[in-house]
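Take a look at the letters that make up each chain.
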Amino acid sequence: MKICICLDGGGCRGVIEIASLMWLSENFDIGSNDVSLVVGTSTGAVVGTLYRSGVKLDEMMELYLDDMPHIFKLDWTSLFGLLGPKYKTSPIDDTFKKWMRNNILKFAKFNEYRMLMISSYNLSTKQETFFKSWNKEIKGTHVVPKFRMNRINIHDALRAATSIPTYWPPVVINGYYYCDGGVVANCPLLAAYTEMRSLFPKEKIIILSLGTGHAAIEHKTPHYRKFGIFQWIEPLLNIFTNNNYDNYIANNITRTVDDKCAVIRINPFISSGKFKSILSRDDMEELATHATRSLKSNATIHQKLEVLLHD
């Protein structure tokens, strides 16, 4: 049996994913060493990298609570994003560099992290890109070299995975421009399934798809018909960072995958007021507590995991 952890994007709401990992560790003794593949988009790429770096989950939670609210520093020279990216790059750059200095991110090169895949979008080629940390792929009876984008350093990989359009400028790697993979798939579940089945074609696989929460539909609707370019910026960002189509995929993928694959979706309801990528420490703590409480009360998920993991 092979386990995959799949992590959505969602900015500061990544604390929900960390709370879910803590619950899985405490109740089912699932740790990074038990996981065959970690796949992440945007904040999920950051959580996944910290997970593969061996950071203890309680320490990871504190890192997020301490550092994530401070990476969004307005760049006044852009006139609130009208003339360029809305936020300065130095806070998020400095955060990743601090984690490297403090040995939180244990490896300088992306390909030193065990079986980690994170998504980005190549603006130059107009293609979704998945950075993979392993070196070779098996095609039938042949082992073939992979396209060696995995030789990039971890700082560039994380910046490529988290450069949300209009928030931060795209990252240039080997002459190509990259931005946040959430513009294509905020929930990388289909990619996770495809990769797991390719890596382990005859094994039973379990994919634990961890979301960053989903909110009830708001009854108050803006006058979209009157929106111009500037009014559409925020709604379009919400579309790709909180894409309900990802939930549709996550909820229905088990109908189409093979009988040797099980998908468990963990994505608690949260209030619409907390359904934001940028949150204060207090709001993040509240989300983490809510996620833990939601998992503890969800007997269905607990029973499914009991059956799958002990089958």
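What you are looking at is a predicted structure, and each value in this text was computed from that prediction instead of being measured.

Draft legend 1. Layout of a nonpolar patch on the surface. A cluster of nonpolar side chains, Leu123, Val172 and Tyr177, forms an exposed patch at the surface whose accessible area comes to about 260 Å². Inspection of the secondary structure puts Val172 in strand β7 (residues 171-173).

Draft legend 2. Region of interest: the environment of Lys204. Within the fold, Lys204 resides in the loop between α6 (189-199) and β9 (205-210). Excluding its chain neighbours within four sequence positions, the residues that come into contact with Lys204 are Met1, Lys2, Lys260, Leu308 and Asp311.

Draft legend 3. Region of the structure containing the nonpolar core. Of all hydrophobic cores here, the largest spans 70 residues; its most connected members are Ile5, Leu24 and Leu50. The leading source of residues in this core is helix α1 (residues 14-28), at eight residues. In terms of nonpolar packing, the next biggest core, distinct from the first, is built from 18 residues, Cys187, Ala191, Phe200 and Ile205 among them.

Draft legend 4. Region of the structure containing the pairing of strand β4 (residues 127-132). As judged from the six bridges shared by strand β3 (residues 116-122) and β4, these two strands associate in the antiparallel manner. In the sheet register, Ser119 faces β4, and the bridge partner there is Phe130. Counting the residues in the hairpin turn of β3 and β4 gives four residues, including Lys126, whose phi is positive at 60 degrees.

Draft legend 5. Here's a closer look at the packing of aromatic side chains. Counted according to the given criterion, the structure contains eleven aromatic pairs. Seen from their ring centres, Phe72 and Tyr167 are 6.3 Å apart, and the 90 degrees between their planes marks the pair as edge-to-face. Taken together, the residues span a long stretch of sequence, with Phe72 in the loop between α3 (57-67) and α4 (90-101) and Tyr167 in the loop between α5 (154-162) and β7 at a distance of 95 residues. Across this residue pair, the class does not change: Phe72 and Tyr167 are buried. Following the ring pairs from residue to residue traces out a cluster consisting of Phe72, Tyr87, Tyr167 and Trp168. The ring of Phe275 is capped by Arg13, whose NZ or CZ atom sits 4.4 Å from the centre of that ring.

Draft legend 6. Layout of the packing of α4 against α5. It is at 10 Å that the axes of α4 and α5 come closest, and there the two elements cross at 145 degrees. Seen from above, α4 lies across α5 with right-handed handedness. Here Ile92, Asp93, Phe96, Lys97 and Met100 of α4 lie close against α5, whose contacting residues are Ile154, His155, Leu158, Arg159 and Thr162. Class assignment of the residues belonging to the contact of α4 with α5 gives a composition of five nonpolar, two polar and three charged.

Draft legend 7. Structural view of the pattern of salt bridges. What the rule picks out here adds up to nine salt bridges. The shortest N-O distance in the salt bridge between Lys274 and Asp283 comes to 3.8 Å. Classification of Lys274 by relative accessible area gives buried; the value is 15%. Here the residues in one salt-bridge network are Glu62, Asp66, Arg281 and Glu285, joined through shared partners.

What counts and what doesn't
Residues numbered from 1 in each chain as written. Predicted model: local features only at pLDDT ≥ 70, side-chain atom pairs only at ≥ 80, totals over all residues. Heavy atoms only, no water. Patch = residues over 30% accessible without salt bridge, like charges linked within 9 Å, V, L, I, M, F, W, Y side chains within 5 Å. Areas by Shrake-Rupley, 256 points an atom, 1.4 Å probe, with all protein chains shown as cover. Salt bridge = Lys/Arg side-chain N within 4 Å of Asp/Glu carboxyl O. Helix = DSSP H or I, 4+ residues; strand = E, 2+ residues; numbered from the N terminus. Contact = heavy atoms within 4.5 Å. Core = buried A, V, L, I, M, F, W, Y, C linked by side-chain atoms within 4.5 Å. Buried < 20%, exposed > 50% of the residue type's maximum accessible area, 1.4 Å probe, protein only. Pairing = 2+ DSSP bridges. Phe/Tyr/Trp six-rings, centres within 6.5 Å; stacked < 30°, edge-to-face > 60°. Lys NZ or Arg CZ within 6 Å of the ring centre and 35° of its normal. Axes fitted to C-alpha atoms, helices over the stretch in contact; angles between N-to-C directions. Left-handed = near helix turned anticlockwise from the far one by under 90°. Nonpolar A, V, L, I, M, F, W, Y, C, P; charged D, E, K, R; others polar.

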